[in-house]
Amino acid sequence: MVYMNVTCSLLVSGTVTTCMVESSINTPYEMIFIKFFGNETNKVYTGYFSNGMMHQTGPFVLNFLTTSSVHKYSFEWTSSYIIWSVEGIVIASEHGNIPETPNRYIIS
């Protein structure tokens with residue numbers, strides 16, 4: 001079962017930028033994220049929290065600068081896996097211990 005497909009079209013401004021879904025009221029804390037750090041304009045960080053524990057799958061070096069133009073970053077979240085993609089190309093996947101809590105979508 002697919003829980004959520006998230007695609008963010010972003011021009012990263014050189015500050016910390018995050019596209020994520022997170023549990024808002026339930027414990028333990030759960031989240032899936034794509035994150036950029038302002039001083040690392042050619043890297044993307046991916047990961048998730050499940051049962052309150054962080055699992056990081058990045059960073060991944062990109063062949064472009066995140067500050068140069070708009071790019072598409074996405075993840076697909078199902079009951080059995082999470083797949084992260086950049087411009088439609090899979091960069092990471094995780095199977096097992098996947099978040100199960102309903103989440104809200106946030107870009108910050």
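All of these numbers come straight from a predicted model, not from anything done at the bench. (Residues numbered from 1 in each chain as written. Predicted model: local features only at pLDDT ≥ 70, side-chain atom pairs only at ≥ 80, totals over all residues. Heavy atoms only, no water.)

Asker: Give a detailed account of the environment of Gly88, specifying residues and quantitative values.
Answerer: Relative to the helices and strands, Gly88 is located in the loop between strand 8 (81-86) and strand 9 (89-95). Gly88 sits ten residues away from Thr78 along the chain, and the two C-alpha atoms are 17 Å apart. (Helix = DSSP H or I, 4+ residues; strand = E, 2+ residues; numbered from the N terminus.)

Asker: Can you tell me about the pairing of strand 3 (residues 31-36), naming the residues and giving the values?
Answerer: Note on strand geometry: in a regular strand, side chains alternate between the two faces of the sheet. In terms of burial, strand 3 is a largely internal element, five of the six residues being buried. Bridge count for strand 2 (residues 17-22) against strand 3 is six bridges, and the pairing is antiparallel. The residue bridging Val21 from the neighbouring strand is Ile32, located in strand 3. Strand direction decides the pairing type here: strand 3 and strand 4 (residues 43-50), joined by five bridges, are antiparallel. When the bridges of strand 4 are listed, Met31 appears paired with Phe49. (Buried < 20%, exposed > 50% of the residue type's maximum accessible area, 1.4 Å probe, protein only. Pairing = 2+ DSSP bridges.)

Asker: A description of the packing of aromatic side chains should follow, citing residues and the corresponding values.
Answerer: Under the criterion given, the structure shown has five aromatic pairs. With 4.9 Å between their ring centres and 90° between their planes, Phe37 and Tyr45 make a pair best called edge-to-face. A cation sits over an aromatic face here: Lys35 above Phe33, 5.6 Å from the ring centre. (Phe/Tyr/Trp six-rings, centres within 6.5 Å; stacked < 30°, edge-to-face > 60°. Lys NZ or Arg CZ within 6 Å of the ring centre and 35° of its normal.)

Asker: Let's hear about the environment of Met31: which residues, and what values?
Answerer: On the secondary structure map, Met31 appears in strand 3. As a C-alpha pair, Met31 and Met20 span eleven residues in sequence and 6.9 Å in three-dimensional space. For Met31, the contacting residues outside a window of four places in its chain are Met20, Val21, Glu22, Gly47, Tyr48, Phe49, Pro99 and Asn103. (Contact = heavy atoms within 4.5 Å.)

Asker: Help me get a handle on the side chain of His71, residues and values and all.
Answerer: Looking at where His71 falls in the secondary structure, it is placed in strand 7 (residues 71-78). Within the structure, the side chain of His71 is placed 3.2 Å from the side chain of Ser69, a separation counted as a polar contact. For His71, the side chain forms a polar contact with the side chain of Glu87, separated by 3.0 Å. Residue contacts for His71: discarding those within four places in its chain leaves Cys8, Ser9, Leu10, Phe64, Leu65 and Glu87. (Polar contact = N/O pair within 3.5 Å; in protein donor to acceptor, adjacent residues only side chain to side chain.)

Asker: Describe the pairing of strand 7, listing the residues and the values that go with them.
Answerer: Among the eight residues in strand 7, six count as buried, and that is most of the element. In this structure, strand 7 lies alongside strand 8, joined through five bridges in antiparallel fashion. The residue bridging Tyr73 from the neighbouring strand is Val86, located in strand 8. As consecutive antiparallel partners, strand 7 and strand 8 are separated by two residues.

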